[in-house]
Amino acid sequence: MELIFLPVVIILGCVALLLFLQWKNLQGPPCIRGWIPWIGAGFEFGKAPLEFIEKARIKYGPVFTVFAMGLRMTFVTEEEGINVFLKSKEVNFELAVQSPVYRTASIPKNVFFALHEKLYITMKGKMGASNLCQFTGQLTEEIHEQLDNLGTHGTMDLNNLVRHLLYPASVNLLFKKGLFPTNKRKTMEFYQTFQAYDEGFEHGSQMPECLLRNWSKSKRWLLAFFEKNIPDIKAYKPEKDNSTTLMQTLLDIIEMETNEQSPNYGLLLLWASLSNAVPVAFWTLGFVLSHPGIYRTIMEGIASVFGTAGKDKIKVSEDDLKKLPLIKWCILETIRLRAPGAITRKVLKPVKILNYTVPSGDLLMLSPFWLHRNPKYFPEPELFKPERWEKANLEKHAFLDCFMAFGSGKYQCPGRWLALLEIETCIILLLYYYDCSLLDPLPKQSSLHLLGVQQPEGQCRIEYKRR
Ligand code: HEM
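Residues numbered from 1 in each chain as written. Predicted model: local features only at pLDDT ≥ 70, side-chain atom pairs only at ≥ 80, totals over all residues.

The chain carries the name 24-hydroxycholesterol 7-alpha-hydroxylase in an unreviewed UniProt entry, which gives Hipposideros armiger as its organism. Database annotation for the chain, UniProt heading Cofactor (unreviewed entry): "heme". (UniProt positions renumbered as here; feature names shortened; annotations may be inferred.)

What follows is the structure, given as structure tokens:
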């Protein structure tokens, strides 16, 4: 009797468990899981994530889960879900990003978790809106130096031109003046290696490094670059008394807390500072140069602040920038249109969104790219309309409602004000000294980018002549 009783109990137990799991699943959002174990919908999703998200929203409604590469990602696209993403205490930034941070910069998860808040507060302070005056002088100088190398006229791929201006300026500003190589061969090596690292970042954040040989090589090269230069960065004395560069301050904190001098944070800061700012500068110049009316108004503004274009060696101050709001509006409008595909938080305890319960462990995903295309928040969303930014209270450092390209909440991008300053300065100096025109139509944006802003799919040449 007992021999029959045990299997019956096991079978009944299994059936009950199955029913329970099914019932639980009924409570969850619709799930797109593909048919291959672990990979799930990974292939279709990876091919064109932005299109995948939009098609899924149309088919499954405002909340849906995508199972891919062993991860459950639940996307929220409407008000209630967005509020949970932004305000709920049950969702967490650090736990969502600690695995990608480990994969891309080899920072152990426990170290990242222990240091993150302190490092974030430091970055937010040093790059805050009220601290920007610290950067304006050196930034103008650095971009001048790079413009001098351009010569009197030429033709170049616009993306390369922007890299040529912003890579050295940003590295020398945030790490140490003179850190960016000046020797031609080493400069090329840096450009190519960083580009390879940046292009593979998205895959590198999800897959084991051993499957990505070239990307892994670029990562190791950049880590070795910082390893070699950390002593110099630490010993560097900025010209202004008592000031330190952002990286110097971060290194002090890391050393105090861990007793180590981590080149890994150098790599992470390098990527964060360049990977979005460079394509945004590319697209902004592209939009401005392909809208003759806007280009003309910008040039009139520049002449009214700095005098006849091209004549003097100018400095760009924060006061000058306040007199040129159209340039900032153009940058913000560009960021709206080319925003990151998704930002992410980890669900700590089940959260209710509409009639669904999103289980703990899911990654909650919000897509700034698609949010910025909702006509409820941004009328005529596909049009480049810088004037819509007139309504934003930028003096008070507020963007338009539902603009989320810099993330939102406690861990919003700490470099956002510096990014705007860098791009504004770069555009003003380039257009002040050079008469520029595009030789190709603006390329399409690639729909491959989930983590960062959208990149161009192909080349766009710019012709420049010294004024
Ligand atoms: C237009 C350019 C930029 C865009 C669109 C952008 C966007 C973002 C986004 C979406 C996040 C994630 C925020 C979230 O999940 O809520 C982020 C984080 C971050 N950004 Fe930016 N960013 C830009 C430029 C910069 C620059 C110039 C720096 C300079 C150092 C920077 C440093 C960082 C850092 C360090 C983080 C991580 C913050 C943390 O660990 O909590 N970003 N950025």
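Student: Would you mind showing me how to read the overall build of the chain here?
Tutor: Within the chain, the secondary structure is distributed over 18 helices and 13 strands. Relative to a compact globule of 467 residues, whose C-alpha radius of gyration would be 23 Å, the chain shows 24 Å and is just as compact. Its C-alpha atoms give the chain principal-axis dimensions of about 100 × 55 × 40 Å. In the chain, buried positions account for 36% of the 467 residues. Within the chain, contacts between residues at least 6 apart in sequence are counted, and of these 72% link residues at least 24 apart. (Helix = DSSP H or I, 4+ residues; strand = E, 2+ residues; numbered from the N terminus. Rg over C-alpha atoms; globule rule 2.2 N^0.38 Å. Buried ≥ 20, exposed ≤ 12 C-beta atoms within 10 Å, placed from the backbone. Contact = placed C-beta atoms within 7 Å.)

Student: Could you clarify how one ought to interpret unusual backbone geometry in this entry?
Tutor: Leave glycine aside and you will find that most residues have negative phi; peptide bonds, for their part, are mostly trans. Non-glycine residue Glu380 carries a positive phi angle of around 45°. Structurally, Glu380 is set in the loop between helix 17 (368–371) and helix 18 (416–433). With a phi close to 60°, His397 is a non-glycine residue in the positive phi region. Among the residues examined, His397 registers 12 C-beta atoms within 10 Å and is labelled exposed.

Student: Whenever I open this one, the sheet that holds strand 10 (residues 434–438) confuses me. Can you help?
Tutor: In a beta sheet, neighbouring strands are held together by backbone hydrogen bonds and run either parallel or antiparallel to one another. The three strands lie next to each other as 5-13-10, forming an open sheet whose pairing is antiparallel. A strand with exactly one partner marks an edge of an open sheet, and here the two such strands are strand 5 (153–157) and strand 10. Sheet twist, expressed as the average angle between the axes of neighbouring strands with direction ignored, equals 20°. One ladder, built from five bridges, connects strand 10 with strand 13 (residues 461–466); its direction is antiparallel. (Pairing = 2+ DSSP bridges. Axes fitted to C-alpha atoms, helices over the stretch in contact; angles between N-to-C directions.)

Student: What's the story with the environment of Thr244 in this structure? I'm lost.
Tutor: Residue placement: Thr244 occurs in the loop between helix 10 (213–235) and helix 11 (246–258). Each C-alpha atom of the pair Thr244 and Lys126 lies 9.7 Å from the other, and the pair is 118 residues apart in sequence.

Student: I would appreciate a short explanation of the pairing of strand 2 (residues 63–68) in the present structure.
Tutor: Where a strand is regular, its side chains alternate between the two sheet faces. Counting buried positions along strand 2 yields six of six residues, so the element is predominantly enclosed. Pairing between strand 1 (residues 31–32) and strand 2: two bridges, direction parallel. The residue of strand 2 that forms the bridge with Cys31 is Thr65. Inspection of the sheet shows strand 2 paired to strand 3 (residues 71–76) by six bridges, in the antiparallel sense. Directly across from Val63, in strand 3, lies its bridge partner Val76.

Student: Before we go on, may I ask you to explain the sheet that holds strand 4 (residues 91–92) in this structure?
Tutor: In space, the six strands of this open sheet follow the order 1-2-3-9-6-4, with mixed pairing throughout. The outermost strands of the open sheet, each flanked by one partner alone, are strand 1 and strand 4. Here two bridges tie strand 4 to strand 6 (residues 343–347), and the two strands are oriented antiparallel to one another. The partner of Asn92 across the bridge, within strand 6, is Lys346. Against the sheet, helix 4 (residues 79–87) contacts strand 2, strand 3, strand 4, strand 6 and strand 9 (363–366), and its axis sits at roughly 120° relative to strand 3.

Student: I would appreciate a short explanation of the UniProt feature "transmembrane region" (unreviewed entry) in the chain in the present structure.
Tutor: According to UniProt, the positions carrying the feature "transmembrane region" (unreviewed entry) are residues 5–23 and 265–289. For residues 265–289, helix accounts for 92% and strand for 0%, while the C-alpha atoms at its two ends are 36 Å apart.

Student: Help me understand the site of the ligand in this model?
Tutor: Residues in contact with the ligand amount to 24 residues; listed here are only the nearest, Ala272, Asn276, Gly407, Cys413 and Gly415. Taken together, the elements giving at least two residues each to the shell around the ligand come down to helix 6 (109–126), helix 12 (263–274), helix 13 (277–289) and helix 18. It is helix 12 that contributes the most residues to the shell around the ligand, three residues altogether. By residue class, the composition of the shell around the ligand is 18 nonpolar, six polar and no charged. (Near = placed C-beta within 6 Å. Nonpolar A, V, L, I, M, F, W, Y, C, P; charged D, E, K, R; others polar.)

Student: Just checking my understanding: could you explain the environment of Leu285 for this structure?
Tutor: Secondary-structure assignment places Leu285 in helix 13. When the C-alpha positions of Leu285 and Lys124 are compared, they lie 27 Å apart, and in sequence the two are 161 residues distant. Setting aside chain neighbours within four positions, we find Leu285 in contact with Leu158, Val162 and Ile427.

Student: Looking at this model, I keep getting lost on the UniProt feature "binding site: heme" (unreviewed entry) in the chain. Mind explaining?
Tutor: In the numbering used here, UniProt assigns the "binding site: heme" (unreviewed entry) feature to Cys413. Checked against the element boundaries, Cys413 lands in the loop between helix 17 and helix 18. Given 19 C-beta atoms within 10 Å, Cys413 falls into the partly exposed group.

Student: Quick question: what am I supposed to make of the nonpolar core here?
Tutor: The nonpolar side chains of soluble globular proteins are, as a tendency, buried together. In terms of nonpolar packing, the biggest core is built from 112 residues, with Val162, Leu166, Ala281, Ile423 and Cys426 touching the most fellow members. In terms of residue count, the dominant contributor to this core is helix 18 (13 residues). The contacts of Ala281, once residues within four sequence positions are left out, are Val162, Leu166, Ile423 and Cys426. (Core = buried A, V, L, I, M, F, W, Y, C linked by C-beta atoms within 7 Å.)

Student: Sorry, what's going on with helix 6 here?
Tutor: Structurally, the α-helix is built with 3.6 residues per turn, so residues lying three or four positions apart point the same way. With 18 residues, helix 6 should cover 26 Å at 1.5 Å per step; its first-to-last C-alpha distance of 25 Å lies within 8% of that length. At His116, helix 6 shows its strongest bend, of approximately 50°. Among the residues making up helix 6, those that are buried are Phe112, Met123 and Lys126. Check the buried side of helix 6 and you find it contacts helix 5 (93–105) and helix 11. (Expected span 1.5 Å × (residues − 1). Bend = angle between axes of the 7 residues up to and from the residue.)

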